[in-house]
Structures are given as structure tokens and as C-alpha cells.
Amino acid sequence: CADAQAAGFNEAYGMTIAESHLYLATINSGDEDFKITHCSIGADGTVSGCSDAGQTGYFPTGLIARGSTLYIGDAQDPLVRMCQIQADGSLNGCDDAQLPAALATDAKDIRLVGTTVYILHTDDNAVSKCTVLSDGSFASCANAGITGLDGPMGLTINGGHMYIANRWSNSI
């Protein structure tokens, strides 16, 4: 395990891997500045060289990578950002992934299965389902129709099953 304090942050909200790059949604120590932290992953699996990936000013929570695109869910702004991953691991050209206004609430977590993205909305106790287009943006977004959520905080998908952690009912 790596020492998170040595990386310069005190809280991590989400994490994903893109090839030899590890991305963390973090808060800077002492100043409550939200950012994306980039670390390198060595051939032996060690994490090192953590630094600011160049994107701040929002509350990143859910992160997922697809090819050279990093998707960042924002718990305060009602959108998902899509950023281009550069060869050195920095992020560039972060734009709105075009989540429709009707589904635009906090994006707490994000998962990709093929060309389908699932976005967890804690405030609305809902999950959105969208198609990912060839340019990385979202289309055909709709409520996935999942019921019984109670403060959902995280989701994962295994095979044909989705698992959602509910904060208030302490259930999955």
C-alpha cells in the first residue's frame, strides 16, 4: 500500500486505472481544493510519482477510463466531464459528456460496460443508462428504472449483475 499523505492529499473519493496511469479524485491537504491526482504504476504494480493531473475546481467522485478518455463524475455540478488522457498522464480538453438536463444531478459513480455507461445519482436515488458514442460523448440517456435505492454511494457490475451500495439502509 502507498502512503496517501505522501501524495499530497487527505481524502480520496474515487479511483480508476488507464494503462500505466492511476487516477484519484482527491482533496488537497489543508485547502479543501478538489482535484484529480495522477500517479504512475510500475511494472511491479507499485504506485509512484503522484501529482496534480491538471483539472480542479469541482467535486470529482466517480472516475472511469475508456481508452484515452477519462470520465469524471461531479457530485456538485450536474454533469460528467470527459477528458483526454495525454501520454504523460496529464488531462486535457475536459468537456461536458452531454448528460441530458433531465438526468443532470450529482454523478456519484460511473461504470462502463462495452458502449453503455451507468451513472449513479445519489441525490435522486437513481441510475442513468447512456450509450457512449465514438467521440466519447453520451446519447440516448434514460433512467435505468432501478428501484429501492436509499442513498446509493457506489456501484459495480459483474457479468449481467449490478451491485449498488445503499448508504442509509446499509444494504446492497
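Scroll up a little and you will see the structure.
Residues numbered from 1 in each chain as written. Predicted model: local features only at pLDDT ≥ 70, side-chain atom pairs only at ≥ 80, totals over all residues. Heavy atoms only, no water.

*Asks:* Quick question: what am I supposed to make of the nonpolar core here?
*Replies:* In terms of nonpolar packing, the biggest core is built from 14 residues, with Y71, V80, L99, V117, I119, C130 and F138 touching the most fellow members. Of all the secondary structure elements, the ones that give two or more residues to this core are β7 (80–85), β10 (116–121), β11 (126–132) and β12 (138–143). Residues within four places of V80 in sequence aside, it is in contact with Y71, I72, D95, D96, A97, L99, A107, I110, I119 and F138. (Core = buried A, V, L, I, M, F, W, Y, C linked by side-chain atoms within 4.5 Å. Buried < 20%, exposed > 50% of the residue type's maximum accessible area, 1.4 Å probe, protein only. Helix = DSSP H or I, 4+ residues; strand = E, 2+ residues; numbered from the N terminus. Contact = heavy atoms within 4.5 Å.)

*Asks:* What is the right way to look at the sheet that holds strand β9 (residues 109–113) in this model?
*Replies:* Backbone-to-backbone hydrogen bonds pair the strands of a sheet. The strands run either parallel or antiparallel. Pairing is antiparallel across the open sheet formed by four strands, whose spatial order is β9-β10-β11-β12. Edge positions in the sheet fall to β9 and β12, since each has one partner strand and no second. Strand-to-strand twist in this sheet, taken as the mean axis angle between neighbours without regard to direction, amounts to 20°. Here five bridges tie β9 to β10, and the two strands are oriented antiparallel to one another. (Pairing = 2+ DSSP bridges. Axes fitted to C-alpha atoms, helices over the stretch in contact; angles between N-to-C directions.)

*Asks:* Can you walk me through the sheet that holds strand β8 (residues 91–96) in this structure?
*Replies:* Taken together, the four strands give an open sheet; going across it, the order is β5-β6-β7-β8, and neighbouring strands pair in antiparallel fashion. Among the strands making up the open sheet, the edge pair consists of β5 (60–66) and β8. On average, adjacent strands in this sheet sit at an angle of 25° to one another, irrespective of strand direction. Taken together, the four bridges between β7 and β8 define a ladder with antiparallel strand orientation. Each bridged residue has a counterpart across the sheet, and for R81 the counterpart in β8 is D96.

*Asks:* It is not clear to me how the packing of aromatic side chains should be interpreted in this structure. Could you clarify?
*Replies:* According to the stated counting rule, one finds one aromatic pair in the structure shown. Relative to F138, the ring of Y71 lies with its centre 5.4 Å away and its plane at 25°, an arrangement referred to as stacked. You can see Y71 sitting in strand β6 (residues 69–74) and its partner F138 sitting in strand β12, a full 67 residues away along the chain. Taken as a pair, Y71 and F138 share a single burial class, namely buried. (Phe/Tyr/Trp six-rings, centres within 6.5 Å; stacked < 30°, edge-to-face > 60°.)

*Asks:* Sorry if this is basic, but what is going on with the pattern of salt bridges here?
*Replies:* When charged atoms on two side chains of opposite charge get close, those side chains can pair. Per the stated rule, a full pass over the model turns up one salt bridge. When the shortest N-O distance is used, the salt bridge between D109 and R111 registers 3.2 Å. Looking at R111, the relative accessible area reads 23%, which means it is partly exposed. (Salt bridge = Lys/Arg side-chain N within 4 Å of Asp/Glu carboxyl O.)

*Asks:* Help me understand the environment of Q98, please; the structure alone is not making it clear to me.
*Replies:* Position of Q98 relative to the elements: it lies in the loop between β8 and β9. With a relative accessible area of 48%, Q98 lands in the partly exposed category. Remark: the alpha-carbon pair of Q98 and R81, spanning 17 residues in sequence, is separated by 8.5 Å.

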